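# Examining the three-dimensional arrangement
Residues per chain, in single letters:
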Amino acid sequence: GPGPDANAALALVDEFAEPDNQTWMWIEARAAAIQGQHDRAEQLLRELITQDPEATAPLAALVDLLADQPNRADDAEEAIRQLRSALFEQDQNTSLIQLAARAEARIHLASNKPDLAISALRPLAENPDADLESRVLLAKAHLESGNLNEASKILDEARTTGIPDARSKALIRELEAALSP
């Protein structure tokens, strides 16, 4: 898993980093997030956002970090608004638009609102190039809203979409267990 790599990255940061170097701050923030050090990761990401308000990568990482914490839904939604606003002013970055929609869907699923999750993901799911995680989240939302056939159909489509990351693999296992007779 990513844990040992995160430990190695943090050790390098401790040894070599200049405290205000953005690249090192980015590495430390990502490693801290992987290790579950949410407060430290958030602190570093917010510092990066302050230093370079135009940069969307730290804002996208913050959205992802906050959306994984159900007790931070309001903060995640605010970060999603900021990211969408930044994307609107710059070139449309498809992968970050998808990230924002997935984060919004995860927030809705965590607060037991599968229909809102479906609404957040629908534009992505209708795109033939939709990413695997978006499809798997949509399948989960359909499952939680009681539409087992649709969930099963979307999960089958998702299996041919790409290589799942750890989060998607866990979701796929959860869906397969729930959908198996």
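Residues numbered from 1 in each chain as written. Predicted model: local features only at pLDDT ≥ 70, side-chain atom pairs only at ≥ 80, totals over all residues. Heavy atoms only, no water.

### Considering the nonpolar core
To keep things clear, this is the line we draw: Definition of nonpolar core: a set of buried residues of the types Ala, Val, Leu, Ile, Met, Phe, Trp, Tyr and Cys, connected through side-chain atoms within 4.5 Å. When a residue's accessible area, from a 1.4 Å probe over protein chains only, is under 20% of the maximum for its type it is buried; when over 50% it is exposed; and in between it is partly exposed. Helix and strand labels come from DSSP, where a helix needs a run of H or I of at least four residues and a strand needs a run of E of at least two; each type is numbered from the N terminus. Contact criterion: two residues are considered in contact whenever any of their non-hydrogen atoms come within 4.5 Å of each other.
Within the largest apolar cluster, 26 residues are counted, with the highest numbers of intra-cluster contacts made by Leu45, Leu62, Val63, Ile80 and Leu83. Those elements that provide at least two residues to this core are helix 2 (22-34), helix 3 (38-51), helix 4 (57-67), helix 5 (73-89) and helix 6 (94-110). Top element by residues in this core is helix 4. It accounts for eight residues. Not counting the four nearest positions on each side in its chain, Leu62 is found in contact with Glu42, Leu45, Arg46, Ile49 and Ala79. If you look at the next biggest cluster of nonpolar residues, it comprises 21 residues, including Leu121, Leu124, Ala139 and Ile172.

### Some points on the packing of helix 8 (residues 132-144) against helix 10 (residues 166-179)
Which entries qualify depends on this criterion: Note on geometry: axes are lines fitted to C-alpha atoms, helical ones only across the stretch in contact, with angles between N-to-C directions running from 0 to 180 degrees. Working definition: roughly parallel below 35 degrees, roughly antiparallel above 145 degrees, roughly perpendicular at 65 to 115 degrees, and oblique for all remaining angles. Definitions for this section: a left-handed crossing has its near helix turned counterclockwise from the far helix by less than a right angle. A right-handed crossing has that turn clockwise. Any residue that is not Ala, Val, Leu, Ile, Met, Phe, Trp, Tyr, Cys, Pro, Asp, Glu, Lys or Arg is counted as polar, Gly included; the first ten are nonpolar and the last four charged.
Between helix 8 and helix 10, the least distance of the axes is 10 Å, while the angle of their chain directions is 30 degrees. With respect to each other, helix 8 and helix 10 are oriented roughly parallel. Helix 10 is crossed by helix 8, and the crossing has left-handed handedness. In this structure, helix 8 contributes Leu132, Glu133, Val136, Leu137, Ala139, Lys140 and Leu143 to the contact, and helix 10 contributes Arg167, Ser168, Leu171, Ile172, Glu174, Leu175, Ala178 and Leu179. Residue classes in the contact of helix 8 with helix 10 are distributed as 10 nonpolar, one polar and four charged.

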